[in-house]
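Analysis of the macromolecular model
Here is what each chain is made of, one letter per residue.
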Amino acid sequence: MTHLIDPAEISGRERYQLITSLVVPRPIGWVSTWDEAGRANLAPYSFFNAISASPMLVAVSIGQRKGTLKDTLVNLRSRGAFCLNVVTEPLLEAMNATSAEVGPEVDEFELAGLGRATSERVDAPYVAECPAVFECEVSQEVDLGESPYVLVIGEVVGVRLSESLPLAEGTMTVDSDALRAVGRMSGAEYMLPREKKVLPRP
Ligand SMILES: Cc1cc2nc3c(=O)[nH]c(=O)nc-3n(C[C@H](O)[C@H](O)[C@H](O)COP(=O)(O)O)c2cc1C
């Protein structure tokens, strides 16, 4: 037996709970930017995914904080660039620390005790400890109608990989056991890389 829930008949909070507990695990786009004054910003976004390989496009959906824009969106609009830091197991606690609802004067790299490096390709900083970073330019903003979220599409113009990350021979496929990327479940739950099942395509 199943029962049908009408999204129009539940609260916004319940819609959030349903969608974020069923669309799982979600990758985490850990977005680093500069603001207009040159201050660094870093925050995680799990309404995030890769949406095209050629060109390489990613999309991140940014909500509001009590009716005001989040720092990340303000910075994406003013600087037109960002870095996406892949959240790996050793960086999980630091990622969580950077989700603190703090003002633009707070540098979340400092807040979380992270090293900050400057991208070569785009006008944005990145997490020095992160083994895999996408350097992106904002390519498009998509209005989501009634939703307070804004979808920002970025084009990847550089992929920075640590030498500690092996690639499968003759390919650009990064070894998932070496990467150890973390996924987000609902609320404060995360999925750590553990058991893997390999299924050849039919
Ligand atoms: C794992 C994780 C995923 C998150 N995903 C989103 C998201 O997809 N969209 C969003 O608006 N906020 C999301 N948040 C909340 C933001 O990270 C939080 O509001 C942060 O303070 C925004 O920072 P900023 O104002 O510096 O951009 C998430 C938080 C965590 C811990």
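We now turn to the structure provided with this report. (Residues numbered from 1 in each chain as written. Predicted model: local features only at pLDDT ≥ 70, side-chain atom pairs only at ≥ 80, totals over all residues. Heavy atoms only, no water.)

**A few points about the packing of aromatic side chains**
In total, this model carries 2 aromatic pairs according to the counting rule given. A ring pair is formed by Tyr16 and Phe47, whose centres lie 6.4 Å apart and whose planes are at 55 degrees; its orientation type is tilted. Note that Tyr16 is positioned in helix H1 (residues 12–22) and Phe47 in the loop between strand S2 (40–45) and strand S3 (48–52), a separation of 31 residues in sequence. Here Phe47 and Tyr149 contribute two aromatic rings whose centre-to-centre distance is 5.3 Å and whose plane-to-plane angle is 45 degrees, an arrangement assigned as tilted. Of this pair, Phe47 sits in the loop between S2 and S3 while Tyr149 sits in the loop between strand S10 (132–143) and strand S11 (150–161); the two residues are 102 residues apart in sequence, bridging distant segments of the chain. Residue classification places Tyr149 among the partly exposed positions, given a relative accessible area of 25%. Following the ring pairs from residue to residue traces out a cluster consisting of Tyr16, Phe47 and Tyr149. (Phe/Tyr/Trp six-rings, centres within 6.5 Å; stacked < 30°, edge-to-face > 60°. Helix = DSSP H or I, 4+ residues; strand = E, 2+ residues; numbered from the N terminus. Buried < 20%, exposed > 50% of the residue type's maximum accessible area, 1.4 Å probe, protein only.)

**What to know about the site of the ligand**
Around the ligand, 21 residues are found, and the nearest of them are Tyr45, Gly63, Arg65, Lys70 and Thr72. Interatomic distance of 2.8 Å between a side-chain N/O atom of Asn41 and an oxygen atom of the ligand. At a separation of 3.1 Å, an oxygen atom of the ligand approaches a polar backbone atom of Ser99. Relative to its free-state accessible area of 640 Å², the ligand is covered by the protein chains to the extent of 93%. Broken down by secondary-structure element, the contributors of at least two residues to the shell around the ligand are S2, strand S4 (57–62) and helix H2 (71–79). Ranked by residue count, the leading element in the shell around the ligand is S2, at 4 residues. (Near = heavy atom within 4 Å. Polar contact = N/O pair within 3.5 Å; in protein donor to acceptor, adjacent residues only side chain to side chain. Areas by Shrake-Rupley, 256 points an atom, 1.4 Å probe, with all protein chains shown as cover.)

**Details of the pairing of S10**
The side chains of a regular strand alternate between the sheet's two faces. In this sheet, S10 lies alongside strand S7 (residues 81–86) in antiparallel orientation, the contact comprising 5 bridges. Within the sheet, the bridge partner assigned to Cys83 lies in S10 and is Glu135. (Pairing = 2+ DSSP bridges.)

**Focus: the sheet that holds S4**
Hydrogen bonds between backbone groups are what pair the strands of a sheet, and the pairing can be parallel or antiparallel. Pairing within the open sheet is antiparallel, and its 7 strands lie in the order S2-S1-S7-S10-S11-S4-S3. Taken across any chain shown, the strands that pair with only one partner, and hence form the sheet edges, are S2 and S3. Within the sheet, the average angular offset between the axes of one strand and its neighbour, ignoring direction, is 35 degrees. By the bridge criterion, 4 bridges tie strand S1 (residues 29–34) to S7 in an arrangement that is antiparallel. In the sheet register, Trp30 faces S7, and the bridge partner there is Asn85. (Axes fitted to C-alpha atoms, helices over the stretch in contact; angles between N-to-C directions.)

**Focus: the environment of Ser164**
With respect to the secondary-structure elements, Ser164 resides in the loop between S11 and helix H5 (176–179). Sequence-wise, Ser164 and Ala178 are 14 residues apart; in three dimensions their C-alpha atoms are separated by 8.0 Å. Engagement of the side chain of Ser164 in a polar contact is seen with the side chain of Ser162, the distance being 2.7 Å.

**Notes on the side chain of Thr88**
As for its placement among the helices and strands, Thr88 is situated in the loop between S7 and helix H3 (92–97). Excluding residues within four positions of it along the chain, Thr88 makes contact with Pro131, Leu179, Arg180, Ala181 and Val182. (Contact = heavy atoms within 4.5 Å.)

**Digging into the pattern of salt bridges**
Taken as a whole and judged by the stated rule, the model has 9 salt bridges. In this structure, the salt-bridge partner of Arg39 is Asp35, at a minimum N-O distance of 2.7 Å. We classify Arg39 as partly exposed; its relative accessible area is 36%. Close ionic contact of Arg77 with Glu141 constitutes a salt bridge, the shortest N to O distance being 2.8 Å. Of this pair, Arg77 sits in helix H2 while Glu141 sits in strand S10; the two residues are 64 residues apart in sequence, bridging distant segments of the chain. (Salt bridge = Lys/Arg side-chain N within 4 Å of Asp/Glu carboxyl O.)

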